[in-house]
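What follows is the residue order along each chain.
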Amino acid sequence: MSATAPLALFVGMPGHELSSSEQSFFRETNPFGLFLFKRNLDSPDQIRRMVDQFRTAVSRDDAPVYIDQEGGRVQRLDNGNWPLFRDLGSFGALARKDLELGKYALRQSTLAMGAMMRELGLGSGTTPVVDLARTGTHNVIGSRSFGDDPALVAELGRVVLDAMLEVGSMPIMKHIPGYGRVSVDPHFDCPVVDATIDEMTDTDFGPFIALKDSPWAMVAHLIFTRIDAERPASVSPVVHDLIRDQLGFDGVIVTDCLTMEALSGSWPERVRAALDAGYDLALHSQGDLAASEAAAKAAGPMTTHSLDRVARAQARLGNRQVDVRALHAEVEQIFRENGFA
């Protein structure tokens, strides 16, 4: 396989270092990227070393190493070595009190968090979440969302997209086309949404349409009965085509983790189904080396269209330098002065 055509796959690994077997696996299979969790993240030097190990193994200096780092309860860099960032819901609340101040604080926080990740060699925190958090939405979204107003969610999502790009961290909006109506957690069950496309166009889909120029998006695991009653969005070619054609999104699309219980079939079968549906990349981040090897056998090389989308996204990254802790302290002061704990 050509080094210019990696597997259309993100994989995860269990520890703080890559074993010789894991490094051999990466050399032989060349997956597009590595996705890390709290179990993999200990100290700045350890993280940089692991990133270097992966990039050396796949012989790509820019091979992506991504994490979940939204702020609040979804931030993997939380063991005391780094500042703790507020969830997006907090910025939504501040913006509802004072829109311009909320946007300013969100921008400063995002610049700090993006720069912090870049300094560690981590290319993305897979943020912003632009799902709606309406009455009845499962807490799997909750305070991860800016709120229930599509226009405000889109406006604040734009702040995150622009600030992340400015400091060279890849924004990934999620979870397209929207978890706003889910009543169960897709980590454990498959959500089912019965709303029509017309009902969702100006609501759930609204922020994704407004931010359709985002370089990347992550696709959700849920069934939209009025779109494809048989298959969850992440393995549905019908939903894929809706995202591309009706929502107008032409950036990179990666799946949410395919080991979540919302999906059926073996893990390799899910990888194959997602790629067959037309998505650019399959995310298979939970599992040991044997699970990653099985996923790699199910994945094929990235298509020319997918590689072009990745290249366009990479070309948008800036390299602004900021003082992470100073910006973080400024944001905390803003919240305190405005009555937030």
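Here goes a summary of the coordinates provided. (Residues numbered from 1 in each chain as written. Predicted model: local features only at pLDDT ≥ 70, side-chain atom pairs only at ≥ 80, totals over all residues. Heavy atoms only, no water.)

1. Details of the environment of Thr304
Moving on, step 1. Inspection of the secondary structure puts Thr304 in helix H11 (residues 304-314).
Moving on, step 2. C-alpha separation for the pair Thr304 and Met50, spaced 254 residues apart in sequence, amounts to 29 Å. (Helix = DSSP H or I, 4+ residues; strand = E, 2+ residues; numbered from the N terminus.)

2. A few points about the packing of helix H1 (residues 20-29) against helix H10 (residues 289-298)
Moving on, step 1. Packing of H1 against H10 leaves a shortest axis separation of 11 Å and a crossing angle of 5°. Classified by the angle between their axes, H1 and H10 sit roughly parallel to one another. Packed against H1, whose contacting residues are Ser21, Glu22, Phe25 and Thr29, the element H10 presents Leu289, Ser292, Glu293 and Ala296 at the interface.
Moving on, step 2. Split into classes, the residues belonging to the contact of H1 with H10 amount to three nonpolar, three polar and two charged. (Axes fitted to C-alpha atoms, helices over the stretch in contact; angles between N-to-C directions. Parallel < 35°, antiparallel > 145°, perpendicular 65-115°, else oblique. Contact = heavy atoms within 4.5 Å. Nonpolar A, V, L, I, M, F, W, Y, C, P; charged D, E, K, R; others polar.)

3. Quick look at helix H12 (residues 324-337)
Moving on, step 1. Helix length check: H12 (14 residues) gives 20 Å between terminal C-alpha atoms against 20 Å at 1.5 Å per residue, within 8%.
Moving on, step 2. Along its buried surface, H12 packs onto helix H3 (88-97) and helix H4 (99-119).
Moving on, step 3. For H12, the N-terminal cap is Asp323; the gap from its side-chain oxygen to the backbone nitrogen of Arg325 is 3.3 Å.
Moving on, step 4. One or two residues past the end of H12 sits Gly339, with phi positive at roughly 85°. (Expected span 1.5 Å × (residues − 1). Polar contact = N/O pair within 3.5 Å; in protein donor to acceptor, adjacent residues only side chain to side chain.)

4. Some remarks on unusual backbone geometry
Moving on, step 1. Note the cis peptide between Lys174 and His175, where omega equals 5°.
Moving on, step 2. Of note, His175 is situated in strand S6 (residues 172-176).
Moving on, step 3. Cis geometry is adopted by the peptide bond preceding Pro177, which originates at Ile176 and carries an omega value of 0°.
Moving on, step 4. Along the chain, Pro177 falls in the loop between S6 and strand S7 (192-193).
Moving on, step 5. A positive phi angle is found at Ser59, which is not glycine, with a value near 60°.
Moving on, step 6. In this structure, Ser59 sits in the loop between helix H2 (44-58) and strand S3 (65-66).
Moving on, step 7. The residue Thr126 is not glycine, and still its phi comes out positive at about 45°.

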